[in-house]
Amino acid sequence: MQDKLLQFQQYLNRAGLKATRQRELIARAFFGTTAHVSAEGLYRRVGGRNPRIGLVTVYRTLKLLKDAGLAHERQFGDGRALFEHASSERHHDHIICTECGKITEFASCEIEALQEQIVRRLGFSIQYHKLELYGLCRDCGAVGRGPGKVSAIGAG
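Along each chain, residue indices are assigned from 1 in the same order as the chain's sequence is written. Where local features are concerned, this predicted model is filtered to residues with pLDDT of at least 70; where side-chain atom pairs are given and counted, the filter is 80 or more; whole-chain, interface and lining totals use all residues. Hydrogen atoms and water are omitted, and side-chain values are computed over all heavy atoms in the structure.

Trainee: How would you sum up the pattern of salt bridges? Please name residues and give values.
Mentor: Once the charged atoms of two side chains with opposite charge are near each other, the side chains can pair. Each reported salt bridge corresponds to a side-chain nitrogen of Lys or Arg within 4 Å of a carboxyl oxygen of Asp or Glu. Summed over all chains, the structure comprises five salt bridges. Linking arginine 21 and glutamate 24 is a salt bridge whose minimum nitrogen-to-oxygen distance equals 3.6 Å. Of this pair, arginine 21 and glutamate 24 both sit in helix α2 (residues 21–31), separated by three residues, roughly a single helical turn. Partly exposed describes any residue whose relative accessible area lies between the buried limit of under 20% and the exposed limit of over 50%, with all areas from a 1.4 Å probe on protein chains only and scaled to the type maximum. Take glutamate 24: its relative accessible area is 22%, and that puts it in the partly exposed class. Note that glutamate 73 and lysine 66 form a salt bridge whose closest N and O atoms lie 2.7 Å from each other. Taken together, the shared-partner salt bridges in this structure form one network comprising Arg21, Glu24 and Arg28. Secondary structure is summarised from DSSP: a helix means a run of H or I of at least four residues, a strand means a run of E of at least two, and numbering begins at the N terminus for each.

And the structure:
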């Protein structure tokens with residue numbers, strides 16, 4: 001976490017912005033998450049620790065983290081933005097339950113290889129991509145199982 005905080009401080013310095021205590025608390029809380037988090041969820045984590053932190057400050061800090069290349073903003077079709085850590089780890093994709101909103105990350109070498117084959121065949125040069133699969137998670141699919149219902153999604 002210290003490396004990421006240092007990168008954020010360096011970004012703020014390069015951008016001519018102050019490294020305030022509020023920004024540091026929000027960044028620490030964000031880097032302490034292990035799942036996708038909304039601005040509102042992050043605000044609930046830090047708002048009680050410092051009354052000078054408002055929801056607008058959280059939104060602005062998340063934008064700065066995104067601009068610094070330390071966070072990714074994701075939209076999963078429900079109209080709200082969720083944020084996840086940007087990292088040098090392997091690329092991953094998402095499966096989103098349309099019933100409960102559960103988000104599962106997965107990586108598949110086979111899917112990545114197939115995408116590369118298609119890109120080459122079509123003469124494309126990919127700059128970035130994202131794959132999102134929508135359906136019912138195991139728990140939600142079990143509740144309403146019937147013809148045409150998906151009970152589980154497997155990832156390779």
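Trainee: Explain the packing of helix α3 (residues 39–46) against helix α4 (residues 55–67) to me, using residue names and the numbers behind them.
Mentor: Only the stretch in contact is used when a helix axis is fitted, and all axes are lines through C-alpha atoms; the angle between N-to-C directions ranges over 0 to 180 degrees. Orientation of α3 relative to α4, taken along the N-to-C sense of each, is 120°, at an axis distance of 9 Å. Classified by chirality, the crossing of α4 by α3 is right-handed. On the side of α3, the interface is formed by Ala39, Glu40, Leu42, Tyr43 and Val46, while α4 contributes Leu55, Val58, Tyr59 and Leu62. Residues are grouped as follows: Ala, Val, Leu, Ile, Met, Phe, Trp, Tyr, Cys and Pro are nonpolar; Asp, Glu, Lys and Arg are charged; all remaining types, including Gly, are polar. Broken down by class, the residue content of the contact of α3 with α4 amounts to eight nonpolar, no polar and one charged. Left-handed describes a crossing whose near helix is turned anticlockwise from the far helix by less than a right angle; the clockwise case is right-handed. Residue contacts are counted whenever heavy atoms from the two residues lie within 4.5 Å of one another.

Trainee: Talk me through the sheet that holds strand β5 (residues 132–135); I want residue IDs and the actual numbers.
Mentor: In spatial order, the strands read β4-β3-β5; together these three strands make up an open sheet with mixed pairing. At either end of the open sheet lies a strand with only one pairing partner, and these are β4 (103–106) and β5. Each adjacent strand pair in this sheet contributes to an overall mean axis angle of 20°, direction not counted. The pairing criterion is simple: DSSP has to find at least two bridges between the two strands.

Trainee: Any chance you could break down the pairing of strand β3 (residues 93–97) for me, citing the residues and the numbers?
Mentor: Burial runs high along β3: five of the five residues are buried. On β3, burial covers both faces: Asp93, Ile95 and Cys97 on one face and His94 and Ile96 on the other are all buried. Alignment of β3 against β4, held across four bridges, turns out to be antiparallel. Bridge pairing links isoleucine 96 to isoleucine 103 in β4. Taking the residues between adjacent antiparallel strands as the criterion, β3 and β4 are bridged by five residues, where glycine 101 takes a positive phi near 85°. Pairing of β3 with β5 involves four bridges; the strand directions are parallel.

Spatial relationships are all this shows, so hold off on functional conclusions.
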